[in-house]
Each structure stands twice: as C-alpha cells, then as structure tokens.
Amino acid sequence: MAFLLNFLQFLFMALWALVLGRMLMSWVDPGGRNQLSAFLIQATEPILGPVRRILPPTGTIDWSGFVVLIVLGFLWRAF
C-alpha cells in the first residue's frame, strides 16, 4: 500500500512539473518549434485540452494550466 501511495505522489508531482514547464515554455516558444516544447505539448495536451474546453474563453490568457496545477496540487497533498 505504501508503494502505491508513493507512486501516486510521484505521478502527481511529475504531472505538476510537466504542466508548469509547459506554461513557462509557452512564454518562450508558444509554437513548440524545439524538441522540449514539442514534448511538453504532447505530454500535457491530454490533460489541458479537456479543461480548456470546459473553461469559458477569456481572450489571450489560457487558464487551463492554472486550474490543472491547483487540482494536481490538491491531489498531491491528499495522498
């Protein structure tokens, strides 16, 4: 049981880091032209895409990353 809890904590921490990395890279390379940006986009789009469709359009700011970071933070601390 402890292994499962540690695995879930690691998974939430890794997802949190990937989403944060994508948010930071969106300021530098929003088109995903280098390999790191392309990897971050491919790894996080399955998580951010559904949240982006649920949120109302707010113009140029994409709030889906913030929402996902908050939810992952709660889940990370819950386990």
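Our structure is the block above this text.
In this text the structure is predicted, and so the values were computed from the model without any measurement.

**Q** I'm lost on the overall build of the protein chain in this one. Help?
**A** Each helix and strand counted, the protein chain has 3 helices and 0 strands in total. Order of helices (α) and strands (β) in the protein chain, N terminus to C terminus: α-α-α. Considered along the principal axes of its C-alpha atoms, the protein chain spans approximately 40 × 30 × 15 Å. Looking at the protein chain as a whole, 25% of its 79 residues are labelled buried. Sequence-distant contacts, at least 24 apart, represent 51% of the contacts inside the protein chain between residues at least 6 apart. For the protein chain, the exposed area adds up to about 5800 Å²; of that, 74% sits on carbon and sulfur atoms.

**Q** Please clarify how the packing of aromatic side chains should be interpreted in this entry.
**A** Here a ring pair, both rings aromatic, is described through the centre-centre distance and the interplanar angle of the planes. The full count for this structure, using the stated rule, is 2 aromatic pairs. Look at W16 and W76: their rings are 6.2 Å apart centre to centre, the planes differ by 50°, and that puts the pair in the tilted class. With W16 in helix α1 (residues 2–28) and W76 in helix α3 (residues 64–78), this residue pair connects regions lying 60 residues apart in the sequence. Given a relative accessible area of 29%, W16 falls into the partly exposed group. Summarising the aromatic geometry, the rings of W63 and F66 are spaced 5.3 Å apart at their centres and angled 45° between planes, so their arrangement reads as tilted. Overall, W63 belongs to the partly exposed group, its relative accessible area being 41%. Between R77 and the ring centre of W76, over which it is positioned, the NZ or CZ distance is 5.5 Å.

About the criteria used
Residues numbered from 1 in each chain as written. Predicted model: local features only at pLDDT ≥ 70, side-chain atom pairs only at ≥ 80, totals over all residues. Heavy atoms only, no water. Helix = DSSP H or I, 4+ residues; strand = E, 2+ residues; numbered from the N terminus. Buried < 20%, exposed > 50% of the residue type's maximum accessible area, 1.4 Å probe, protein only. Contact = heavy atoms within 4.5 Å. Areas by Shrake-Rupley, 256 points an atom, 1.4 Å probe, with all protein chains shown as cover. Phe/Tyr/Trp six-rings, centres within 6.5 Å; stacked < 30°, edge-to-face > 60°. Lys NZ or Arg CZ within 6 Å of the ring centre and 35° of its normal.

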